[in-house]
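# Tertiary structure, described
Residue strings, one per chain:
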Amino acid sequence: MESFTFQCPTRIYYRKGGLSLIGKILREDYSCHKVLVVFGSHSLVSNFYFDTIAKSLKDNGIEYETYSGICANPDVSDARKAIEQARLYKPDFILACGGGSVIDCSKLIAHGYYYDGNPLDFFKKGVRPLHSLKLGVVLTLAASGSEMSDSCVISDRSTGFKGGFNDVSNYPTFSLLDPTLMETVGSCQTAIGLVDMFSHSFERYFSPSSLLEPCDGLALSVMADIVKASHFVLLEKKNPEEGRRAMMLLGSLSHNGITNFGKKKFFRIHQAEHRLSGKYPKLAHGQGIALLILPFLKTNKALLGEKILQLGKAVFDPKCASVDEAIDLVDAWLLSLPIAHDFEELDFDVDPKDVQDAENRLKIEE
């Protein structure tokens, strides 16, 4: 029996069409006067979301500066630059507007604001943030679950490093979930997001469990709903609006710790993927995960057979009769998504030796 501590302090505002409320939330609920708005490249501006955010901030008497250009697999150099800007500006809040990359980089900015050392110390030397700027999130892409998680992942492209650290300080103060912001997300990016959120409960489910483990049932339920959401928003497209709503909720549920409530988690696939995307920054995290799920199941089939069978039954088909059939059902779902299904399908080269190294790291020792 493991001793454990659980805390999830993030406040969630679910507001359909609620982007224009961000200034009111900051002013009325948090007495905010100055924010540093952090976002990616062009999409927040081209979709006119930034205009709405800026107007809402101004209408509520909140000053702001911006830091933009955060890319996928965010680099620590952006965090360092934004930390310098924040120290000069002295905001009350960091406001991260985007998906997991923007949110994770913003977490590091919030921590680094009060830390005189190298921001990578949080990842490499076991240093914990003792004080951080408050962090608000406007979620534009459901995938990483970082809007309600205790994790933070960053890259250092100068060395090929990519890693994460988990700490209660990584939970944002609040996150605004507005599913209408996902209407402009393309099908490939949506599919990558679905795989990413699926993997968070998948990895927790396959972490060692007690004989009677209530959270394993939660993990299976979340995964089943993610697969169902993929049909609503991507495959049959029978109700994309409902699918986007479900994705926003499921992304948070899958990574806020509830699906490993009461047990430790071991993220073999994530650790292997981080090595790959640390060396190949063009590799989107969810895409890398998608290419490692099947090798993980096949490598650990003998050890995890009963759990794999239960996954097949609970998530895909109650009539699933064997471990191999369960693996085939997972494979069929992944193949149905508009993503690359082999490393050779990517639009850049990955050394087969690096792929083999990643796959070798998937094996769980008995």
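Residues numbered from 1 in each chain as written. Predicted model: local features only at pLDDT ≥ 70, side-chain atom pairs only at ≥ 80, totals over all residues. Heavy atoms only, no water.

### A word on the overall build of the protein chain
As a reminder of what qualifies: Strands are runs of DSSP state E lasting at least two residues, helices are runs of H or I lasting at least four, and both sets are numbered from the N terminus onward. All radius of gyration figures rest on C-alpha atoms, and the globule criterion is 2.2 Å times the number of residues raised to 0.38. Accessibility here uses a 1.4 Å probe with only protein chains present; expressed as a share of the type maximum, an area under 20% marks a residue as buried, one over 50% as exposed, and anything in between as partly exposed. Only heavy atoms matter for contacts: two residues are in contact if any of them lie within 4.5 Å across the pair. Every accessible area reported is derived by Shrake-Rupley at a probe size of 1.4 Å, with residue values counting cover from the shown protein chains alone. Note on charges: Lys and Arg go in the positive column, Asp and Glu in the negative column, and His and the chain ends are not counted at all. Each charge is placed at NZ for Lys, CZ for Arg, CG for Asp and CD for Glu.
The number of helices and strands found in the protein chain is 14 helices and eight strands. Rg of the C-alpha trace for the protein chain: 20 Å, near the compact-globule value of 21 Å for 366 residues, within the 12% margin. Structurally, the protein chain occupies a C-alpha span of about 60 × 45 × 45 Å along its principal axes. Considering the protein chain as a whole, with its 366 residues, one finds that 55% of them fall into the buried category. In the protein chain, 77% of the contacts between residues at least 6 apart in sequence involve partners at least 24 apart. Accessible surface for the protein chain amounts to roughly 16200 Å². Of this, 51% is attributable to carbon and sulfur atoms. Treating the 40 positive side-chain charges of the protein chain as one cloud and the 46 negative ones as another, the clouds have centres 4 Å apart.

### Some points on the nonpolar core
Side chains of nonpolar character tend, in soluble globular proteins, to be buried together. Rule in force here: Only buried residues count toward a nonpolar core. Its members are Ala, Val, Leu, Ile, Met, Phe, Trp, Tyr and Cys residues joined through side-chain atoms within 4.5 Å.
Core analysis: the largest hydrophobic core is formed by 88 residues, its most contacted members being Phe 202 and Ile 293. The biggest single contributor to this core is helix H8 (residues 214-235), with nine residues. Sequence-distant contacts of Ile 293, defined by excluding residues within four places in its chain, comprise Val 195, Phe 198, Phe 202, Ile 269, Val 330 and Leu 334. By size, the runner-up hydrophobic cluster in this structure holds 24 residues, among which are Ile 25, Leu 57, Leu 95 and Leu 176.

### Concerning unusual backbone geometry
For Ser 31, which is not glycine, the phi torsion reads 50 degrees and is therefore positive. Looking at the element boundaries, Ser 31 is found in the loop between helix H1 (22-30) and strand E2 (34-39). Here the phi dihedral of Lys 237 falls at roughly 55 degrees; this positive angle occurs in a residue that is not glycine. Mapped onto the elements of the fold, Lys 237 is located in the loop between H8 and helix H9 (240-255). Look at Lys 237 and you get exposed, because its relative accessible area is 51%.

### A short note on helix H7 (residues 187-205)
Selection rule: Each helix should span, by expectation, one fewer than its residue count multiplied by 1.5 Å.
Its 19 residues place the ends of H7 27 Å apart at the C-alpha level, agreeing with the 27 Å of an ideal helix rising 1.5 Å per residue. Of all 19 residues making up H7, 16 are buried, and the element is well covered by its neighbours.

### Re helix H3 (residues 49-59)
We count it as follows: An arc is given here, and it is the one of the directions from the helix axis to the C-beta atoms.
Among the residues of H3, Tyr 49, Phe 50, Ile 53, Ala 54, Ser 56 and Leu 57 are the ones counted as buried. Considered in projection along H3, the buried side chains sweep an arc of 165 degrees and stay on one side of the axis. For H3, exposure combined with an orientation more than 90 degrees from the buried face picks out Lys 55, Lys 58 and Asp 59. In this structure, the buried side of H3 is in contact with H1, E2, helix H2 (43-46), strand E3 (63-67) and strand E4 (93-98). After H3 finishes, the residue Gly 61 shows a positive phi value of roughly 70 degrees.

### Concerning the environment of Asp 357
Within the fold, Asp 357 resides in helix H14 (residues 352-360). Separated by 85 residues in the primary sequence, Asp 357 and Ala 272 place their C-alpha atoms 8.2 Å from one another.

### Things to note about the pattern of salt bridges
The criterion, for reference: Salt bridge, as applied in this entry: a Lys or Arg side-chain nitrogen positioned within 4 Å of an Asp or Glu carboxyl oxygen.
Tallied over the entire structure, the rule returns 14 salt bridges. Linking Glu 241 and Lys 16 is a salt bridge whose minimum nitrogen-to-oxygen distance equals 2.3 Å. Of this pair, Glu 241 sits in helix H9 while Lys 16 sits in the loop between strand E1 (11-14) and H1, and the two are 225 residues apart along the sequence. On the basis of relative accessibility, which here comes to 43%, the residue Glu 241 falls in the partly exposed class.

### Focus on the packing of aromatic side chains
Put simply, the rule is: Paired rings are identified among Phe, Tyr and Trp, the last through its six-membered ring, by centres lying within 6.5 Å, and are further divided according to the angle between planes into stacked (under 30 degrees), edge-to-face (over 60) and tilted (the rest).
Tallied over the full model, the rule gives 19 aromatic pairs. Considering the side-chain rings of Tyr 13 and Phe 174, the 5.7 Å spacing of their centres and the 90 degrees angle between planes classify their relative orientation as edge-to-face. Highlighted residues: Tyr 13 in strand E1 and Phe 174 in strand E8 (residues 174-177), separated in sequence by 161 residues. With 5.8 Å between their ring centres and 25 degrees between their planes, Phe 122 and Phe 165 make a pair best called stacked. You can see Phe 122 sitting in helix H6 (residues 121-124) and its partner Phe 165 sitting in strand E7 (residues 161-166), a full 43 residues away along the chain.

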